[in-house]
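Listed here are the chains, written in short residue letters.
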Amino acid sequence: MDKIVGIDLGTTNSSIAIVEAGMPGLLADSDGKRLMPSVVNYPSEGKPVTGHAAQRILVIEPKRTVCAIKRFIGSRLQDLSESDYSLEYQIGGNPIVVKIGNQQYTPEEISAEILSSLKAQATEVLGYPVDRAVITVPAYFNDAQRQATKRAGEMAGFSVERIINEPTAAALACGLEKLPEQSRVAVYDLGGGTFDLSILELREGIFQVLSTHGNTRLGGDDVDECICDWLLNEIGPTTGDDSMRARIREAAEKAKVDLSTLDSVEIKLPFITSDSNFECQLTRKQLESLARPVIDRTRSHCIQALADAGLKAEELCQVILVGGQTRMPLVCRLVADWFGCVDYQETRGDVRIGESFHEAKGPILNTFNNPDEAVALGAAIQG
Ligand code: ADP
Ligand code: MG
């Protein structure tokens with residue numbers, strides 16, 4: 001077998017997909033999980049640990065556990081902002097290396113660990129080795145970042161057939177290459193720690209990126225942070241140690257995820273202070289008012305991307321939502337409203353609406369059931 005897999009090498013999560021019998025699908029791990037956290041732990045002895053297992057160790061061994069390595073791939077120290085240094089693990093050198101104990105690892109090597117795990121996962125599920133891959137990168141990645149991603153793929157033992165843009169992969173996953181010539185679509189991608197809006201135009205069956213605008217420090221993590229602050233306020237004085245903070249963060253994210261489908265959740269934190277348990281309720285409405293300022297911050301990037309492409313929202317035929325954080329119903333409502341999406345129907349709750357970019361008939365809002373899986377599926381289709 002000589003099939004080409006598609007890989008979404010994400011800042012927060014990564015995944016691998018393949019087209020079988022004409023249908024693209026993600027390849028799950030042995031626990032049935034289709035997304036692998038992009039986390040690598042380097043124990044003081046033995047082989048690196050990746051994915052969910054590494055994620056669990058993160059709290060215990062923050063200095064030996066690398067997350068969000070995608071921020072550093074193909075970059076130089078001087079390209080980074082101060083907030084990039086606020087990570088628990090140590091970085092240095094030019095080109096960048098991650099320092100763990102007395103060892104040093106390049107971002108390519110660390111990314112290669114994630115890619116190797118995905119390769120092993122795919123081989124296990126399929127029962128035959130996969131050697132050829134299409135890997136996705138953000139549309140704003142420069143040549144050095146693309147080359148470094150390709151090298152990471154090669155280190156993991158892949159022949160990297162192509163590096164494609166994430167928004168292009170999302171559009172392919174929607175089958176949009178069948179749209180009429182010169183159709184334009186916007187891809188709104190809100191992940192864990194990054195946001196971008198890309199505008200694509202179909203020319204001779206190929207998507208061209210007309211513009212891309214975003215913020216590499218804006219995403220679902222910021223929503224979690226708002227919930228955390230709210231929880232800390234509800235809990236009152238605590239010891240404030242790291243492991244407690246990590247537990248609160250975990251509870252915050254879980255509540256957020258559950259509230260994408262439920263109207264209200266119980267948050268329980270046993271023994272959160274030395275002598276007491278904490279329990280409270282959070283409703284979707286409350287979450288929406290906490291999250292609203294974060295989601296609102298994506299709006300100016302949408303406006304800028306449209307301006308850079310010299311387009312008005314009504315000149316788009318579709319707006320595609322990708323990234324795990326777009327599962328939050330509030331995100332769909334706001335984006336539909338901003339772009340004046342015509343077919344979007346949902347009771348709009350109590351969220352203040354009325355900031356549309358225009359009044360006229362607008363694009364279709366295209367949503368996936370699993371918006372965090374679309375990029376890998378599109379890469380597999382390209383493969
Ligand atoms: P990335 O592209 O950065 O690798 P993903 O697209 O996987 O990231 O998105 C991860 C983000 O999506 C996280 O902040 C996570 O909490 C959020 N997320 C995942 N599922 C849901 C959900 N059901 N509701 C709201 N947010 C979610
Ligand atoms: Mg992503």
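Conventions adopted
- Residues numbered from 1 in each chain as written.
- Chains lettered and ligands numbered in written order.
- Predicted model: local features only at pLDDT ≥ 70, side-chain atom pairs only at ≥ 80, totals over all residues.
- Heavy atoms only, no water.
- Helix = DSSP H or I, 4+ residues; strand = E, 2+ residues; numbered from the N terminus.
- Buried < 20%, exposed > 50% of the residue type's maximum accessible area, 1.4 Å probe, protein only.
- Contact = heavy atoms within 4.5 Å.
- Areas by Shrake-Rupley, 256 points an atom, 1.4 Å probe, with all protein chains shown as cover.
- Lys, Arg positive; Asp, Glu negative; His and termini not counted.
- Charge placed at Lys NZ, Arg CZ, Asp CG, Glu CD.
- Near = heavy atom within 4 Å.
- Polar contact = N/O pair within 3.5 Å; in protein donor to acceptor, adjacent residues only side chain to side chain.
- Nonpolar A, V, L, I, M, F, W, Y, C, P; charged D, E, K, R; others polar.
- 1 Å grid on protein atoms, 1.4 Å probe; cavity = no way out; pocket = protein on both sides within 12 Å on 5 of 7 lines; lining within 4 Å.
- Points joined across faces, edges and corners; volume = space filled by probe spheres on them.
- Axes fitted to C-alpha atoms, helices over the stretch in contact; angles between N-to-C directions.
- Left-handed = near helix turned anticlockwise from the far one by under 90°.
- Salt bridge = Lys/Arg side-chain N within 4 Å of Asp/Glu carboxyl O.

(A) Highlighting the overall build of the chain. Each helix and strand counted, the chain has ten helices and 19 strands in total. With respect to the principal axes defined by its C-alpha atoms, the chain has extents near 60 × 50 × 45 Å. Expressed as a percentage of its 383 residues, the buried residues of the chain come to 51%. Within the chain, contacts between residues at least 6 apart in sequence are counted, and of these 62% link residues at least 24 apart. Surface exposure of the chain reaches about 17600 Å², of which carbon and sulfur atoms provide 47%. Within the chain, the 54 negative side-chain charges are centred at a point lying 2 Å from the centre of the 38 positive side-chain charges.

(B) Main features of the site of ligand 1. Taken together, 17 residues form the shell around ligand 1, and within it T12, N13, E253, K256 and S260 come nearest. The separation between an oxygen atom of ligand 1 and a polar side-chain atom of T12 is 2.8 Å. Considering ligand 1 on its own, with 580 Å² of exposed area, one finds that the protein chains cover 89% of that surface. Considering only residue class, the shell around ligand 1 consists of one nonpolar, eleven polar and five charged.

(C) Quick look at empty space enclosed by the protein. What the rule picks out here adds up to two cavities of 30 Å³ or more. Of the pockets and cavities examined, the largest cavity occupies roughly 60 Å³. As for the largest cavity, its lining consists of L9, G10, I69, K70, I73, S111, I114, T136, V137, F141 and T149. Of all the elements in the fold, those that place two or more residues in the lining of the largest cavity are α2 (107-126) and β11 (132-137). A breakdown of the residues in the lining of the largest cavity according to their chemical character gives six nonpolar, four polar and one charged.

(D) Highlighting the layout of surface pockets. Counted as a void, the second largest pocket has a volume near 310 Å³. Looking at the lining of the second largest pocket, the elements with two or more residues in it are α1 (51-58) and α2.

(E) Region of interest: the packing of helix α5 (residues 220-235) against helix α6 (residues 242-258). Remark: α5 packs on α6, axes separated minimally by 8 Å, with the N-to-C direction vectors making an angle of 115°. The element α5 and its partner α6 pack so that their crossing is right-handed. Between α5, through G220, D221, V223, D224, E225, I227, C228, D229, L231, L232 and I235, and α6, the contact on the second element is made entirely by M244, R245, I248, R249, A252, E253 and K256. The class makeup of the residues in the contact of α5 with α6 is nine nonpolar, one polar and eight charged.

(F) Representation of the side chain of E166 in the model. Tracing the sequence through the fold places E166 in helix α4 (residues 166-173). A polar contact of 2.6 Å, which involves the side chain of E166, links it to the side chain of K70. When residues no more than four places from it in sequence are discounted, the contact partners of E166 are D8, L9, K70, T136, V137, P138, D189 and V375.

(G) Region of interest: the pattern of salt bridges. Summed over the entire model, instances satisfying the criterion amount to 19 salt bridges. The salt bridge partner of K254 is D258, with a shortest N-O separation of 2.8 Å. Of this pair, K254 and D258 both sit in helix α6, four residues apart, roughly one helical turn. When its relative accessible area of 53% is taken as the criterion, K254 is described as exposed. Linked by salt bridges that have partners in common, E225, D229, R245 and R249 make up one network.

Bear in mind that shape data such as this cannot, by itself, settle questions of function.
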